[in-house]
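Okay, here's what each chain looks like letter by letter:
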Amino acid sequence: MKSDTLDMSLLLDFYGDMLTFRQKEMLELYYDEDLSLSEIAEHAGITRQGVRDAIKRAEAQLHHMEEKIGLVARFSRIRQMLGEVREQAERIAEENRRGCYSDQIGRAANRISELAEELSRE
């Protein structure tokens, strides 16, 4: 999936319910279902240009919402930080195994990994 498509799909996931039904439907057909403008136009009963204009307006609205609210950026930062937390927990566990092994440190490193994994699923 292209980066632009992935970015738009994320914006649609976070803010899609704030669009009109028709705007959301067109974006989903275009980005998620990978339909062409002509296919969407046939489905919607409007011109290809009408579909393109509607998609461009909806995209602009999604970008505007992200600029104002920033949920996708926050989500991305949190995912990145959780990955780093998991890496650091693994480093602690590895150092613990190589050095003077401590059950308490081992359990703490495992718990940190578990919590990071649980948070990433939410």
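Relevant structure appears above.
Nothing here was measured: the structure is a model prediction, and the numbers come from that model.

Cut-offs applied
Residues numbered from 1 in each chain as written. Predicted model: local features only at pLDDT ≥ 70, side-chain atom pairs only at ≥ 80, totals over all residues. Heavy atoms only, no water. Patch = residues over 30% accessible without salt bridge, like charges linked within 9 Å, V, L, I, M, F, W, Y side chains within 5 Å. Areas by Shrake-Rupley, 256 points an atom, 1.4 Å probe, with all protein chains shown as cover. Salt bridge = Lys/Arg side-chain N within 4 Å of Asp/Glu carboxyl O. Lys, Arg positive; Asp, Glu negative; His and termini not counted. Charge placed at Lys NZ, Arg CZ, Asp CG, Glu CD. Helix = DSSP H or I, 4+ residues; strand = E, 2+ residues; numbered from the N terminus. Buried < 20%, exposed > 50% of the residue type's maximum accessible area, 1.4 Å probe, protein only. Contact = heavy atoms within 4.5 Å. Core = buried A, V, L, I, M, F, W, Y, C linked by side-chain atoms within 4.5 Å. Axes fitted to C-alpha atoms, helices over the stretch in contact; angles between N-to-C directions. Parallel < 35°, antiparallel > 145°, perpendicular 65-115°, else oblique. Nonpolar A, V, L, I, M, F, W, Y, C, P; charged D, E, K, R; others polar.

Caption draft 1: How the structure looks around a negative patch on the surface. Together, D13, E28, D32, E33, D34, E39 and E42 line one region of the surface with negative charge. Its place among the elements puts E42 in helix α3 (residues 37–44).

Caption draft 2: Focus on a nonpolar patch on the surface. Together, F14, M18, I69 and L71 make up an exposed nonpolar region whose accessible area comes to about 320 Å². Mapped onto the elements, F14 comes out in helix α1 (residues 3–15).

Caption draft 3: Molecular detail of the pattern of salt bridges. Per the counting criterion, the structure on display carries 10 salt bridges. Across the salt bridge formed by R98 and E95, the nearest N and O atoms sit 3.4 Å from each other. Taken as a pair, R98 and E95 lie in helix α5 (residues 71–98) at a separation of three residues, close to a single helical turn. What makes E95 partly exposed here is its relative accessible area of 48%. The partner of R121 in a salt bridge is E117, and the shortest N-O contact between them spans 3.7 Å. Placement of both R121 and E117 in helix α6 (residues 103–121) is noted, with a separation of four residues, approximately one turn of the helix. With a relative accessible area of 59%, R121 lands in the exposed category. Take E117: its relative accessible area is 34%, and that puts it in the partly exposed class. Overlapping salt bridges, with partners in common, bring together E90, E94, E95, R97 and R98 in one network.

Caption draft 4: Examining the side chain of Q23 more closely. Its place among the elements puts Q23 in helix α2 (residues 21–32). In this view, Q23 contacts A58 and Q61; residues no more than four positions away in its chain are not counted.

Caption draft 5: Inspection of the nonpolar core at higher detail. If you look at the biggest cluster of nonpolar residues, it comprises 20 residues, and the most contacted ones within it are L19, M26, L27, V51, I55 and L62. Contributions of two or more residues to this core are made by α1, α2, α3 and α4 (48–69). For this core, the leading source of residues is α4, giving six residues. Leave out the neighbours within four places in its chain, and L62 touches M8, L11, L12, Y15, G16, L19 and L27.

Caption draft 6: Structural detail: the packing of α3 against α4. One can describe the packing of α3 onto α4 by two numbers: an axis separation of 8 Å at closest approach and a directional angle of 100°. Relative to α4, α3 is oriented roughly perpendicular. The residues of α4 that touch α3, namely those facing L37, S38, I40 and A41, are R48, V51, R52 and I55. Tallied by class, residues from the contact of α3 with α4 come to five nonpolar, one polar and two charged.

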